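Overview (structure and organization)
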There are 2 protein chains.
Amino acid sequence: MQIVLLSGGSGKRLWPLSNGIRSKQFLKVLRAPSGELESMVQRVYRQIREAGINAQVTVATSANQKDSIISQLDDKVDIVTEPERRDTFPAIALCVTYLNKVKHIDPDETIIVMPCDVFADSSYFDKISQMAKEVESNKSDLVLMGIVPTYPSSKFGYIMPNRLNPGKIDGFMEKPTLELAKELIQNGAVWNGGVFGFKLGYLIDKITKYFNAQTFDEFIHRYVELPKISFDYEIVEKTSNLSGVYYKGRWKDLGTWNALSEELSSCKIGNVIQSECLGTTTINELSIPILCQGTNNLIVAASPDGILVADKSKSEDIKDGVNAINSRPMYEERRWGSYKVIDNVEFKDGFCALTKQLTLNLGCSISYQRHSYRDEVWTFIDGSGEIVIDEKRSLVKRGDVIIISRGTLHALRAVTSLTFIEVQRGENLVEEDIERFEYNWG
Amino acid sequence: MQIVLLSGGSGKRLWPLSNGIRSKQFLKVLRAPSGELESMVQRVYRQIREAGINAQVTVATSANQKDSIISQLDDKVDIVTEPERRDTFPAIALCVTYLNKVKHIDPDETIIVMPCDVFADSSYFDKISQMAKEVESNKSDLVLMGIVPTYPSSKFGYIMPNRLNPGKIDGFMEKPTLELAKELIQNGAVWNGGVFGFKLGYLIDKITKYFNAQTFDEFIHRYVELPKISFDYEIVEKTSNLSGVYYKGRWKDLGTWNALSEELSSCKIGNVIQSECLGTTTINELSIPILCQGTNNLIVAASPDGILVADKSKSEDIKDGVNAINSRPMYEERRWGSYKVIDNVEFKDGFCALTKQLTLNLGCSISYQRHSYRDEVWTFIDGSGEIVIDEKRSLVKRGDVIIISRGTLHALRAVTSLTFIEVQRGENLVEEDIERFEYNWG
């Protein structure tokens, strides 16, 4: 059995904690049983393991989320990166081709595709096991998960089970009107949970409709030829031999501040004081304090990207406001560690200075690189490591200062977790001003 | 005629814009007729001049506000700094002694003492001129300003004018109950505006009750002998020959967020987006954006010291919350310029790193100094200047990096306005770790 986790989304609805790079599934705001904070993707991975599911997990994602996944799930998962953003059918096809061509998974093996950001009880994961058994029984080509609805909603897709044999599925309805949703539910319809179970060979066959790639590389090369279409439209609705497994329990999309705030580990996360507040949720990723005084029903969230103060009932409407904010991401989690922008100034003549605090995780390294338009100063404030400047290698530790002029080749490796302040200066300070080279640390 | 402006207060009520060093009168949140933002003290100084009052202005203040006054009023005013905090009688006595002993002002000269943070119309300043004329007429020893009340308040002091001759004053009442305030107002009482007019010689005489200093230095030396008592109790209530001048118009203490928000230049100051908000005031001194979505009747204020989100009706209750926040000031305006802390991190072993962005104003200098417990790195990002490192003098400009180890003597002077990033590192990072020396820039 193989599990494919779909990790997508750009995540402006949870601004400023999420941004173009940090999507909602990576926010560490939930409380794990250990007491530590965990993200949605970490929670789902933990729940899979706690349910006793021994499947290898592969995450299908886009290039800009790859570092976050490595950082949060380490090497416990395989990662398949889309060459470009298309839709769920191409993304799942890519992943299945990877399992087939690179991991040499047998066509008879069971694949379960599921979202990486579902917020559900442990029994949800028992249903995943039940889906796998259903696939293995060879009674149907595709197994879906139906979620027993708790209210009529026009935001979900609906599955209509067969009245005489609920294990079989009669049809689908995408986002009905509220009236129709009520009627559907009265007639036994359930929400479509976006979980798909099938044999690897079944999907490989379907993909050949477009082309028959001999290697994974060839598939990637021809990825652009696949239609931008969802797995539901391309596969589910065209499969006649379907069956369903039904889950009744907590099932939420924590994709809005209102929904997320109900499941947070606390109504105060970070350096926060609440005084005479009611129903106020405050999340602070900055080091400076937030004081909420006498507020009712607010979401207050602060990160290096910005500060949101929203009435909870209006927190789904922030999209336009967020779109009006035109700035680079100020916080990023990367495979090697993380950085936050702590100062960003542009002078009248266009000259810019950008100051970051960076942490390079133990054993990780920053690639051998050079910049054409900026000078950098690194002041090491914690840890120790090795630095390479134009081929010359030396040790660095807390207290050291390294000046890196534009054009100078440099690489860095953390022996222990390294924290440093970087001051960038130049006319054009963009992340893209970087040329990477090979360096053999030996 | 001499004007003495009293500048005091520690200002936690307007946190996070005010802190132990930056009091409310220095916040640049009001709109000047020129369109520029101005502070309360700048507004009062401008209004004095616009009213055609040609008096020399002397500001009586404490040591920690001196730099802010120099920064905001340049060399347009004299500044008299209290050797220690006592009360308004000693502070005014100090200032009057300075005028007498240092500036050699004639005992017959008229002195008007007034608060530096009053928010009033231009006609208020016409009344100041009228008070001066009243003092010059020699009809009374002390002239006060009464403010015609607009509502009964238990927060102010009241002046009771004589019924037959309203120019004369019968008595005073400090902070009466609301009931008594109503009755007082029905009987013609007015608020005590805290403005005092008298001949310099009159107060000099009164001071000799305590001691007779021959020089200003001697007065400073013996300042501690003066009682901690207000000018009202020590002088006003003991003077029988009083008269009053009455002002009717806008008169406010902008000392709370609720009061200040009504007079701000805009409901949005700084990098702020408001979407579907009602009655919300947002002031942002940070460079990252604030988005307010669907909020009602809030104060949102952010500075390098912290972030406040308060219901306007509860904004007077922030004191306890602010007192619970135990951190150093993160923003200071100094005579030489200003700095803000942009990053502040303490590692598990107690080692600290503090990163600041500093601006040294054109022509200003940082004194020749050394630190015992911290190393510094300065990265210059704008402007040019001269630096002295252990007696060696050289030029610095945008792009230069200077490493200053603990124990190294250093001074800096701005030829053009200089901006630089400072990274401090050490076990004990406090502003007090500084030894100052003489340096002759020549």
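Anything mentioned here points back to the structure above.
The following refers to the structure shown. Model, not experiment: these values are computed from the prediction.

1. Some thoughts on the overall build of chain A
Counting its regular elements, chain A contains ten helices and 30 strands. Its C-alpha atoms give chain A a radius of gyration of 24 Å, within 12% of the compact-globule value 22 Å for 442 residues. If you line up chain A on its principal axes, its C-alpha atoms span 75 × 60 × 40 Å. Counting over 442 residues, chain A shows a buried share of 56%. Of the contacts formed within chain A by residues at least 6 apart in sequence, a portion of 65% connects residues at least 24 apart.

2. Some remarks on the relation of the copies chain B and chain A
The two copies are related by a screw operation: chain B maps onto chain A through 179 degrees of rotation and 0.1 Å of translation along the axis, at an RMSD of 0.1 Å. Classification of the inter-copy transformation places it as that of a two-fold axis. Closest approach to the rotation axis among the C-alpha atoms of chain B is made by Ile342(B), whose C-alpha sits 2.8 Å away. Comparing contact sets, 100% of the residues at the interface of chain B also lie at the interface in chain A, consistent with an isologous, same-surface contact.

3. Concerning the pattern of salt bridges
For the structure on display, the rule yields 64 salt bridges over all chains. Residue Glu262(A) is joined to Lys252(A) by a salt bridge in which the shortest nitrogen-to-oxygen separation is 2.9 Å. Residue Glu262(A) is located in helix α9 (residues 257-263), and its partner Lys252(A) is located in strand β13 (residues 251-253); the two are separated by ten residues in the primary sequence. In this structure Glu262(A) comes out as exposed when scored by relative accessible area, which is 55%. Of the charged contacts in the structure, one is a salt bridge between Asp349(B) and Arg398(A), with a shortest N-O distance of 2.9 Å. With Asp349(B) in the loop between β21 (337-346) and β22 (352-360) and Arg398(A) in the loop between β26 (392-397) and β27 (401-404), the pair connects residues from two separate chains.

4. Details of the nonpolar core
The nonpolar side chains of a soluble globular protein tend to be buried, and buried together. Ile307(A), Val309(A), Leu412(A), Ile307(B), Val309(B) and Leu412(B) are the most contacted members of the largest nonpolar core, which has 62 residues in total. Not counting residues up to four positions away in its chain, the partners in contact with Val309(A) are Leu298(A), Ile299(A), Val300(A), Leu291(B), Cys292(B), Gln293(B), Thr295(B), Leu298(B), Val300(B) and Val309(B). Core analysis: the second largest hydrophobic core is formed by 39 residues, Phe26(B), Val44(B), Ile53(B) and Ile79(B) among them.

5. Some details on helix α3 (residues 88-101) of chain B
The end-to-end C-alpha distance of α3(B), which contains 14 residues, comes to 20 Å, matching closely the 20 Å that a straight helix rising 1.5 Å per residue would cover. In terms of burial, α3(B) is largely enclosed, as twelve of its 14 residues are buried.

6. A word on the interface of chain B and chain A
Contacts between the two partners involve 55 residues from chain B, matched on the other side by 55 residues from chain A. Counting the surface lost from both chain B and chain A, the interface buries some 4,400 Å², and carbon and sulfur atoms represent 68% of this. In terms of surface lost to chain A, no three residues of chain B exceed Leu291(B), Gln293(B) and Ile307(B), which account for 15% of the buried area on that side. On inspection of chain B and its partner chain A, the count reaches four salt bridges. Applying the counting criterion to the chain B and chain A interface returns 18 residue pairs in polar contact (both at pLDDT 80 or more). When residues in the side of chain B that touches chain A are grouped by element, the largest group, six residues, is from strand β19 (residues 306-311) of chain B. Of the residues belonging to the side of chain B that touches chain A, the class tally is 33 nonpolar, eleven polar and eleven charged.

7. Some remarks on the sheet that holds strand β15 (residues 272-275) of chain A
Taking strand neighbours across the sheet as the criterion, the six strands line up as β15(A)-β17(A)-β19(B)-β18(B)-β16(B)-β14(B) in an open arrangement whose pairing is mixed. Two strands bound the open sheet, and with one partner strand each, they are β15 of chain A together with β14 (268-269) of chain B. Relative to strand β17 (residues 290-293) of chain A, β15(A) runs parallel, the two being bridged by four bridges. Residue pairing for β17(A): Gln274(A) is matched across the bridge by Cys292(A).

8. Looking at the packing of aromatic side chains
All names here are of chain B. For the structure on display, the rule yields 34 aromatic pairs over all chains. An angle of 50 degrees between the planes, with centres 4.9 Å apart, marks the rings of Trp378 and Phe420 as tilted. One end of the pair, Trp378, is in strand β24 (residues 374-382); the other, Phe420, is in strand β29 (residues 418-426), with 42 residues separating them in the sequence. Trp378 gets classed as buried once you look at its relative accessible area, which sits at 2%. Take Phe420: its relative accessible area is 0%, and that puts it in the buried class.

9. Considering the environment of Ser153(A)
Residues and elements named next belong to chain A. Tracing the backbone shows Ser153 in the loop between β8 (142-147) and β9 (157-161). Residue class for Ser153 comes out buried when judged on its relative accessible area of 6%. Ser153 sits 98 residues away from Ala55 along the chain, and the two C-alpha atoms are 33 Å apart. Look past the residues within four positions of Ser153 in its chain and what remains in contact with it is Tyr158, Pro176, Leu178, Ala181 and Trp191.

10. Points about the pairing of strand β25 (residues 384-389) of chain A
All names here are of chain A. Of the pairings in the sheet, the one linking β25 to β26 comprises six bridges and is antiparallel in character. Opposite Gly385, over in β26, you have Val396 as the bridge partner. As consecutive antiparallel partners, β25 and β26 are separated by two residues, and within that stretch Asp390 has a phi angle of approximately 45 degrees, a positive value.

11. Comments concerning unusual backbone geometry
In this structure, Pro16(A) follows Trp15(A) across a cis peptide bond, with omega equal to 5 degrees. Located in the positive-phi region is His104(B), a residue other than glycine, with phi close to 55 degrees. With respect to the element layout, His104(B) can be found in the loop between α3 and β6 (110-115). His104(B) sits in the exposed class, given a relative accessible area of 64%.

12. Quick word on the side chain of Gln357(B)
Within the fold, Gln357(B) resides in strand β22. Relative accessible area serves as the criterion here: at 12%, Gln357(B) is assigned to the buried category. Once you skip the residues sitting within four places of it in the chain, Gln357(B) turns out to touch Asp343(A), Val345(A), Ser338(B), Tyr339(B), Lys340(B), Ile342(B), Thr419(B), Phe420(B) and Ile421(B).

13. So, the sheet that holds strand β23 (residues 365-370) of chain A
Within a beta sheet, neighbouring strands are joined by backbone hydrogen bonds and run either parallel or antiparallel to one another. All names here are of chain A. As summarised here, the arrangement of the five strands in space is β26-β25-β28-β23-β30, forming an open sheet in which the pairing is antiparallel. At either margin of the open sheet sits one strand with a lone partner, and together these are β26 and β30 (435-437). In this sheet, adjacent strand axes meet at a mean angle of 30 degrees when their direction is disregarded. With three bridges connecting them, β23 and strand β28 (residues 410-414) associate as antiparallel partners.

14. Re the environment of His371(A)
Residues and elements named next belong to chain A. Position of His371 among the secondary structure elements: in the loop between β23 and β24 (374-382). According to the relative accessible area criterion, His371 is buried, its value standing at 3%. Those residues in contact with His371 that sit more than four places away from it in its chain are Glu376, Arg406, Gly407, His410, Asp433 and Ile434. A polar contact of 3.5 Å, which involves the side chain of His371, links it to the side chain of Gln369.

What counts as what
Just so you know, the residues in each chain are numbered from 1, in the order the chain's sequence is written. To label them, take the chains in the order written and letter them from A, then take the ligands in the order written and number them from 1. Note on the predicted model: pLDDT of at least 70 is required for a residue's local features to be given, and 80 or more for side-chain atom pairs to be given and counted; whole-chain, interface and lining totals, by contrast, use all residues. Think of the side-chain values as coming from all heavy atoms in the structure, minus any hydrogens and water. Here a strand is any run of E in DSSP of at least two residues, a helix any run of H or I of at least four, and the numbering for each starts at the N terminus. Only C-alpha atoms enter the radius of gyration, while the globule expectation follows 2.2 Å times N to the 0.38, with N the number of residues. Burial classification: accessible surface area is computed with a 1.4 Å probe over protein chains only, and a residue below 20% of its type maximum counts as buried, one above 50% as exposed, and the rest as partly exposed. Any two residues having at least one pair of non-hydrogen atoms within 4.5 Å are treated as being in contact. Residues reaching a pLDDT of at least 70 in both copies supply the C-alpha atoms on which the copies are superposed by least squares. Whenever Lys or Arg places a side-chain nitrogen within 4 Å of a carboxyl oxygen from Asp or Glu, that contact is recorded as a salt bridge. For this analysis, a nonpolar core means a set of buried residues of the types Ala, Val, Leu, Ile, Met, Phe, Trp, Tyr and Cys, connected via side-chain atoms within 4.5 Å. A helix is expected to reach a length of 1.5 Å times the quantity of its residues less one. Joining two parts hides part of their accessible area as seen by a 1.4 Å probe, and the buried area is that hidden amount summed over both. Polar contacts, as used here, are pairs of N or O atoms within 3.5 Å; protein pairs need one atom able to donate a hydrogen and one able to accept it. Residues neighboring in sequence count only if both atoms are side-chain atoms. Side-chain classes are defined by residue name, with Ala, Val, Leu, Ile, Met, Phe, Trp, Tyr, Cys and Pro counting as nonpolar, Asp, Glu, Lys and Arg as charged, and the others, Gly among them, as polar. Here, a strand pair is defined by DSSP locating no fewer than two bridges between the strands. Only rings of Phe, Tyr and Trp enter the pairing, Trp through its six-membered ring, and a pair is recorded when the two centres are within 6.5 Å. The plane angle decides the type: under 30 degrees is stacked, over 60 is edge-to-face, the rest tilted. Note on geometry: axes are C-alpha line fits, over the in-contact stretch for helices, and angles between N-to-C directions span 0 to 180 degrees.

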